[in-house]
Amino acid sequence: MDNEHDGYVAPAYLVDDEFFTRTFGEIITKSSQDRALNDERFAHLVQTEPFHLQLPLTSRFVYGTGERSFDLNLYGRHLTFWNTDPSPYDRGSEPINYAVPFVVIVADDHVQGIFVDNPYHGTVDIGFTDADLLTFSFTGPARGVYTYTGDTLASVIAQFTAQSGRMPMPPLWALGHHQCRYSYMNQREVLAIARQFRRRHIPCDAIYLDIHYMDHYKVFTWDTEAFPDFAGMAAELHAQNIRLVVIVDPGVKIEPGYDGYEDGIAQDVFIKLPDGTRAEGVVWPGNTHHPDFASERVRRWWAEKLQPLLQAGVDGLWNDMNEPLYFGFGEALSPADYLVHDVDGTPAYHAEQHNLYGHQMSMASRLAQEIADPQRRPFNITRAGYAGTQSVASSWTADNTATWDSLRLSIAMTLNMALSGQSFTGPDIGGFAGDTNAELLIRWYQACVLMPFYRNHSAVDTIHQEAWRFGEQAEGLICQAIDLRYTLLPYLYSQFAACHFDGIPIVRPLFAAEPQNPHLRSIDDCYLVGDHMLVAPITTEYALRRTVYLPAGSDWYTFDAQTRYHGGQLISVEAPLNTVPIFVRAGTALPLWSQLQSTPSELPAPHLRLYPGHGETRLYQDAGDGLGYQRGEYAWTTFTLSDDTLTHTITGDQRFSHFTV
Ligand code: MIG
């Protein structure tokens, strides 16, 4: 099926007009959806002063810009800032779901960041037209332009997030292994999946409900036939230490009698056309109106509407479809530029608000969780976002595919998101679109072992890809990777804290460890986690060995601490199917937990594995949930290793510091 035209890749399941008609049937006509897409009466309205900024480009190494399905180094590319859903994307699909108008330029002796705070449709030409120029162009004016300079990547990202927003501490369970599927169809299936995890001793912290849990895709509802005892199901999951996350879609079905619609009309919460009537677009429920999250009033309305789900035991919200998009025949379309938003009393066209919609929806969903339980840390995940969205939600790298290339892309994409301020990201493990297979799934679980977000997800009509679906050997290997992640959580959680408190990205490209070396600046087949760990996974089919460059400046150990290498050299390592090559810097005191089935409510004392050498390692500990961390209820323990002599100092609240050597 050829679904490509003008370089735009349409959503695979929409390409088919037959599918579209079958799904949405008589409820829509082509003209009703066109109404908000291209109405001649309004097209002339949106006229703005374009923005243009051109700078000399002195480096060939440029990163950031949000979610890009390219290699890490974005030099030579022409990229668009317009949140779009080419589901699924492939290498080179452009733009995709989450754009951030921020670039990081790495030169030999310094790092520079440029943030053009401009939500309008825009592009950045990174040495594409002229090798030595960087050009930002937007259809409307910027709210501000900021530049940051520093010696390190981390310092520039820290400055950018100090301005755009820092990630709050997530609950510890958000770092665990999450299981998703489009869709688990009913409560029996959900509980059966949970039982499988526990019976097989595969760690799991959360199960997700995708769109089929709703009553006819009506947001705020659940299907009471498929989920006759929703709260009971949630309670049963909780009893097994598994949290429940549900998807929320912004399109509110137009259906008299449905409270989301009726009350939305009564409270006047929907986006309008310039003539004051409500804009309409087609998404999963058929014809819908979209809440106008630009105003606090509407965000509060949304938050209140979600209370029944949260009271029934939902622990996290998954914000989808918030680029936002309407379905068209054969493609996903953006709502028209001239739709009118109400920004707390000031009207603004969609042209200006489009790229902010995912962020604003995330604010609303986060508020819902804060209202439901002000003592808990919200867990909120979003597909679309803007600069600063890390302050209100985590994200995932949207609809990838079950291919080896998509696995390779997930490293570059997660790194560029981290370099755009959004550290708490990861791919759909196993691949979303298409059927995965045992080897690919094993390698994907291994590759992501220390990525901030760790969720298995797959699309409707693909084979099931839970850890046990490919036989005993594959299950054992996948379980081993998940076990490894849980062992490493004390270290990973400390990197989350460094990101929250100091703005340091959780994962970083290899070159961050050796900034003077220009030969490392395009490497994206491995990633650093904090300062001490390097994950160099296998991302090629049948491969059992790979090369990896160990950064200069210190020695490195294999994870088991058995083999020591000098830094500053390329080595070749064996990586049979049961291995993910991980290296630890000499001088590290690595905090490890023993086997867990889910994150515990009280953090156990980690055991330290020592990698002899000279260095400092910082361990962060708090309650794992709750807002005490905002009032100083946490401890940082700094371990200093000198050859094999270990000393430590504690800052903060001593009560939280515990470990064994
Ligand atoms: O149009 O809810 O990216 O994770 O499973 C597809 C169904 C809508 C897109 C999300 C994907 C999710 C799917 N959604």
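Definitions and limits used
Residues numbered from 1 in each chain as written. Predicted model: local features only at pLDDT ≥ 70, side-chain atom pairs only at ≥ 80, totals over all residues. Heavy atoms only, no water. Helix = DSSP H or I, 4+ residues; strand = E, 2+ residues; numbered from the N terminus. Buried < 20%, exposed > 50% of the residue type's maximum accessible area, 1.4 Å probe, protein only. Contact = heavy atoms within 4.5 Å. Areas by Shrake-Rupley, 256 points an atom, 1.4 Å probe, with all protein chains shown as cover. Lys, Arg positive; Asp, Glu negative; His and termini not counted. Charge placed at Lys NZ, Arg CZ, Asp CG, Glu CD. pLDDT = per-residue confidence, 0-100. Pairing = 2+ DSSP bridges. Axes fitted to C-alpha atoms, helices over the stretch in contact; angles between N-to-C directions. Parallel < 35°, antiparallel > 145°, perpendicular 65-115°, else oblique. Nonpolar A, V, L, I, M, F, W, Y, C, P; charged D, E, K, R; others polar. Core = buried A, V, L, I, M, F, W, Y, C linked by side-chain atoms within 4.5 Å. Salt bridge = Lys/Arg side-chain N within 4 Å of Asp/Glu carboxyl O. Phe/Tyr/Trp six-rings, centres within 6.5 Å; stacked < 30°, edge-to-face > 60°.

A.B. asks: What am I meant to see in the overall build of the protein here?
C.D. replies: When helices and strands are counted, the protein shows 13 helices and 38 strands. Seen through its C-alpha atoms, the protein measures out along the principal axes to roughly 75 × 60 × 50 Å. Within the protein, the proportion of its 661 residues that are buried is 63%. Of all intrachain contacts in the protein linking residues separated by at least 6 positions in sequence, the fraction that spans at least 24 positions is 72%. Of the roughly 22900 Å² of accessible surface on the protein, a fraction of 50% belongs to carbon and sulfur atoms. Put simply, the protein has 44 plus and 79 minus side-chain charges, and the middle of one group is 5 Å from the middle of the other.

A.B. asks: Looking at this model, I keep getting lost on the confidence of the model for the protein. Mind explaining?
C.D. replies: The predicted coordinates ought not to be read in detail in places where the model reports low pLDDT. The share of residues in the protein with pLDDT of 70 or more is 94%, and the mean pLDDT across the chain is 94. Contacts for the low-pLDDT stretch residues 1-15, under 50 throughout, to residues beyond four places or in other chains number 37 contacts. Ignoring residues within four places in sequence, the model shows residues 26-35, a span with pLDDT below 50, making 20 contacts including any to other chains.

A.B. asks: What am I meant to see in the sheet that holds strand 5 (residues 78-81) here?
C.D. replies: Through backbone hydrogen bonds, the strands of a sheet pair up, either in parallel or in antiparallel fashion. Read across the sheet, 4 strands follow the order 3-9-8-5 without closing on themselves; strand pairing throughout is antiparallel. The sheet is open, and its two edges are formed by strand 3 (51-56) and strand 5, each paired on a single side. Averaged over neighbouring strand pairs, the angle between their axes works out to 10° when direction is ignored. By the bridge criterion, 5 bridges tie strand 8 (residues 122-126) to strand 9 (residues 133-138) in an arrangement that is antiparallel. The residue of strand 9 that forms the bridge with Val124 is Phe136.

A.B. asks: What is the right way to read the side chain of Asn97 from this model?
C.D. replies: Summarising the element assignment, Asn97 is placed in the loop between strand 5 and strand 6 (99-106). Discounting chain neighbours no more than four positions away, the residues touching Asn97 are Glu67, Asn83, Thr84, Asp85, Pro86, Glu323, Arg383, Ala384, Gly385 and Ala398.

A.B. asks: Teacher, can you tell me more about the packing of helix 12 (residues 438-447) against helix 13 (residues 471-502) here?
C.D. replies: Packed helices, taken two at a time, are described by the angle between their axes plus the distance between the axes. It is at 8 Å that the axes of helix 12 and helix 13 come closest, and there the two elements cross at 10°. In terms of their interaxial angle, helix 12 and helix 13 are classed as roughly parallel. Residue-level inspection shows Ala438, Leu441, Ile442, Tyr445 and Gln446 of helix 12 in contact with helix 13, the latter providing Ala474, Leu477, Ile478, Ala481 and Ile482. Across the contact of helix 12 with helix 13, the residue classes break down as 9 nonpolar, 1 polar and no charged.

A.B. asks: Explanation requested: the nonpolar core in the structure shown.
C.D. replies: Most often, soluble globular proteins keep nonpolar side chains buried together rather than apart. Tyr213, Phe230, Trp302, Tyr527, Met533 and Phe559 are the most contacted members of the largest nonpolar core, which totals 177 residues. By residue number, the principal contributor to this core is helix 13, which donates 17 residues. Apart from residues lying up to four places away in sequence, Met533 is in contact with Leu450, Leu488, Tyr491, Tyr527, Leu528, Phe559, Ile582, Phe583, Val584 and Leu590. Membership of the second largest hydrophobic core comes to 19 residues, among which are Phe70, Leu79, Phe138 and Ala351.

A.B. asks: How should the pattern of salt bridges be read in this particular structure?
C.D. replies: Opposite charge on two side chains permits them to pair, given that their charged atoms come into close proximity. If you walk through the whole model with that rule in mind, you get 32 salt bridges. Residue Glu475 is joined to Arg200 by a salt bridge in which the shortest nitrogen-to-oxygen separation is 2.7 Å. Highlighted residues: Glu475 in helix 13 and Arg200 in helix 4 (residues 187-200), separated in sequence by 275 residues. The structure contains a network of salt bridges with shared partners spanning Asp85, Asp320, Glu323, Arg383 and Asp399.

A.B. asks: Would you mind showing me how to read the packing of aromatic side chains here?
C.D. replies: All told, the structure shown has 38 aromatic pairs when counted by the stated rule. Here Phe51 and Phe138 contribute two aromatic rings whose centre-to-centre distance is 5.9 Å and whose plane-to-plane angle is 65°, an arrangement assigned as edge-to-face. Of this pair, Phe51 sits in strand 3 while Phe138 sits in strand 9, and the two are 87 residues apart along the sequence. On the basis of relative accessibility, which here comes to 3%, the residue Phe138 falls in the buried class. The interplanar angle of 50° and the centroid separation of 4.8 Å between the aromatic rings of Phe501 and Tyr634 together place this pair among those described as tilted. On the criterion of sequence distance, the pair formed by Phe501 in helix 13 and Tyr634 in strand 37 (residues 634-643) is long-range, its members being 133 residues apart. Exposure remark for Tyr634: the relative accessible area of 18% places this residue in the buried category. Three or more aromatic residues joined by ring pairs make a cluster, and in this case those are Phe220, Phe270, Phe293, Trp301, Trp302 and Tyr357.

A.B. asks: Please clarify how the sheet that holds strand 7 (residues 111-117) should be interpreted in this entry.
C.D. replies: A sheet is described by the order of its strands in space; here 4 strands give the open sequence 4-6-7-10, paired in antiparallel fashion. At either margin of the open sheet sits one strand with a lone partner, and together these are strand 4 (62-66) and strand 10 (144-150). The average undirected angle you get between the axes of adjacent strands in this sheet is 15°. Across 5 bridges, strand 6 lies against strand 7 in antiparallel orientation. Paired with Val104 across the strands is Gly113, a residue of strand 7.

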